[in-house]
Amino acid sequence: MARRGGAGAAVVHDERARAGGLGRRRATAAGRRFPVRGQGGHRWRRRPTGLRSCFSEGVEVTPAHTDSSDRPSKVSWDPQLYLRFPEHRIRPALELLDRVSFDTPPAVVYDLGCGPGTLTRVLTERFPGAEVHGVDSSPEMLRTAAEAAPTAHLHQVEISSWRPRQRPDLVFANSLFHLVPDHGDLLRRMVRDLTPRGVLAAQMPVFHRTPWFRLMTQTLEDGGRGGTPLGAPGLRRTLYRRHTVEAMGYYDLLAGPNTEVDIWSTEYLHVLDGPDPVWAWAEAAGLRPVIDGLTAAEFAEFRTTYLERLRAAYPPLPDGRTLFPFQRLFLVVHSA
Ligand SMILES: C[S@@+](CC[C@H](N)C(=O)[O-])C[C@H]1O[C@@H](n2cnc3c(N)ncnc32)[C@H](O)[C@@H]1O
């Protein structure tokens, strides 16, 4: 289905019906990954072919009662909130893009989880000869993307069941896969679907051990009246679930004779301006399930306690600025 949008008038295709995607498929190689779930949350493990295990970290934030019914519910996004701190949010994406190289300019580029289209626009400018597609499940984000990147083709898509209409030269996914459960198979499929010498480039935030995340889950556990939990147990279980694995897990998943895999992580020390900037940062992304999942009264209680805790964990400097460390994992796969 294709429709012309209103403001911005970019083309928005609904490709949900195209879950089959590209025709060519390859059989899953023996010894490849299969998703498992259990006390440690979702991980990828090799079938037992004697390969080393890469999952040393463990995921202690995941309670034992996590089960497959704890799928994240649909999250609402607010593009205007997400567009705050623009220079901080765009820097990792530009550093990721700097590691992408081509012998010949790419013809087909996909920006997965394109959000408000900031990076979709960057991609149209970086690769002026390419057909650039932005893909996202959020209609709110896509409306903003239509204005930010008017020459891009936009698609409203649930990424886990989607395949590209055309074989991509570049699949770019900034800050998406940490939101997508069981994305190991999806990543492998995307690498297989690349053109020869195509590139997959992804960046994922790493936050499950950070104060802002731990305080968020702690406040859901005890931020109600008299130290009681806030919201339904399913909301807390959803937040505890970690969808990413360690860097070596991604290497093990994607390395092979036909790929060159480059993985690194960077911890940024963001210097943020304004009052309660860590709240403002989280409100645009990490807090979205909480905002959606609590009643107005519950959210008011949550906000009071969480803000107090955030202020203690991230005190402002004498000049009023706040230091906010934030780690990100980068993954670039060049196919041979
Ligand atoms: C954190 S934002 C990143 C936006 C953009 N890539 C950027 O870095 O500016 C994540 C985006 O991924 C989209 N998203 C999350 N889960 C998705 C899914 N399963 N399928 C498609 N899009 C998804 C959200 O709607 C949101 O726009």
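The structure presented is a predicted model; accordingly, all values stated were derived computationally and were not measured.

Examining the packing of helix α6 (residues 211-222) against helix α7 (residues 233-240)
Helix packing geometry: the angle between the two helix axes and the distance between the axes.
Thinking step 1. Between α6 and α7, whose axes approach to 11 Å, the crossing angle comes to 165 degrees. Accordingly, the angle class assigned to the pair α6 and α7 is roughly antiparallel. Between α6 and α7 lies a crossing of left-handed hand. When α6 is examined against α7, the residues Thr217, Leu220 and Glu221 are found in contact with a partner set consisting of Leu235, Arg236, Leu239 and Tyr240.
Thinking step 2. Classifying every residue of the contact of α6 with α7 by side-chain character gives four nonpolar, one polar and two charged.

Considering the site of the ligand
Thinking step 1. Of all residues adjacent to the ligand, which total 21 residues, the nearest are Gly113, Gly115, Ser137, Ser138 and Ile159.
Thinking step 2. Its residues assigned to classes, the shell around the ligand shows 11 nonpolar, eight polar and two charged.

What to know about the nonpolar core
Thinking step 1. Among the nonpolar cores identified, the biggest contains 50 residues, and Val109, Ala145, Val171, Phe172 and Leu200 are the most heavily contacted of them.
Thinking step 2. Filtering out sequence-adjacent residues up to four positions away, phenylalanine 172 remains in contact with Val109, Tyr110, Asp111, Leu112, Leu119, Leu123 and Ala201.
Thinking step 3. Membership of the second largest hydrophobic core comes to 18 residues, among which are Leu215, Leu220, Ala282 and Phe324.

Examining the environment of glycine 115
Thinking step 1. With respect to the secondary-structure elements, glycine 115 resides in the loop between β5 (108-112) and α3 (118-126).
Thinking step 2. Beyond its immediate sequence surroundings of up to four residues, glycine 115 is in contact with Tyr82, Asp136, Met141 and Ala145.

Let's talk about α7
Thinking step 1. When α7 is considered as a whole, its buried residues turn out to be Leu235, Thr238 and Leu239. End-on, the buried residues of α7 take up no more than an arc of 95 degrees, which puts them together on one face.
Thinking step 2. If you follow the buried residues of α7, they end up packed against α6 and α10 (288-293).

A closer look at the pairing of strand β8 (residues 170-174)
Thinking step 1. The element β8 is extensively covered by neighbouring structure, given that five of its five residues are classed as buried.
Thinking step 2. Of the two faces of β8, both are covered, the one formed by Leu170, Phe172 and Asn174 as well as the one formed by Val171 and Ala173.
Thinking step 3. Pairing geometry for β5 and β8, over three bridges, is parallel. In the strand pairing of β8, tyrosine 110 is matched with valine 171.
Thinking step 4. With five bridges connecting them, β8 and strand β9 (residues 199-206) associate as parallel partners. When the sheet's bridge partners are listed, valine 171 is paired in β9 with leucine 200.
Thinking step 5. Handedness of the crossover is the feature at issue here: the chain leaves β8, passes through helix α5 (residues 183-193), returns alongside β9, and the resulting connection is right-handed.

Thoughts on the confidence of the model for the protein
Thinking step 1. Per-residue confidence for the protein gives a mean pLDDT of 82; residues scoring 70 or more make up 78%.
Thinking step 2. Counting contacts from residues 45-73, a segment whose pLDDT is below 50, to residues more than four positions away or on other chains yields 50 contacts.

Overview of the environment of glutamate 131
Thinking step 1. Here glutamate 131 lies in strand β6 (residues 131-136).
Thinking step 2. Sequence separation between glutamate 131 and proline 168 is 37 residues; the distance between their C-alpha atoms is 9.7 Å.
Thinking step 3. Not counting residues within four places of it along the chain, the set of residues in contact with glutamate 131 comprises Ala107, Val108 and His153.

Calculation rules
- Residues numbered from 1 in each chain as written.
- Predicted model: local features only at pLDDT ≥ 70, side-chain atom pairs only at ≥ 80, totals over all residues.
- Axes fitted to C-alpha atoms, helices over the stretch in contact; angles between N-to-C directions.
- Helix = DSSP H or I, 4+ residues; strand = E, 2+ residues; numbered from the N terminus.
- Parallel < 35°, antiparallel > 145°, perpendicular 65-115°, else oblique.
- Left-handed = near helix turned anticlockwise from the far one by under 90°.
- Contact = placed C-beta atoms within 7 Å.
- Nonpolar A, V, L, I, M, F, W, Y, C, P; charged D, E, K, R; others polar.
- Near = placed C-beta within 6 Å.
- Core = buried A, V, L, I, M, F, W, Y, C linked by C-beta atoms within 7 Å.
- Buried ≥ 20, exposed ≤ 12 C-beta atoms within 10 Å, placed from the backbone.
- Arc of directions from axis to C-beta.
- Pairing = 2+ DSSP bridges.
- Right-handed = clockwise from strand over helix to strand, strands pointing away.
- pLDDT = per-residue confidence, 0-100.

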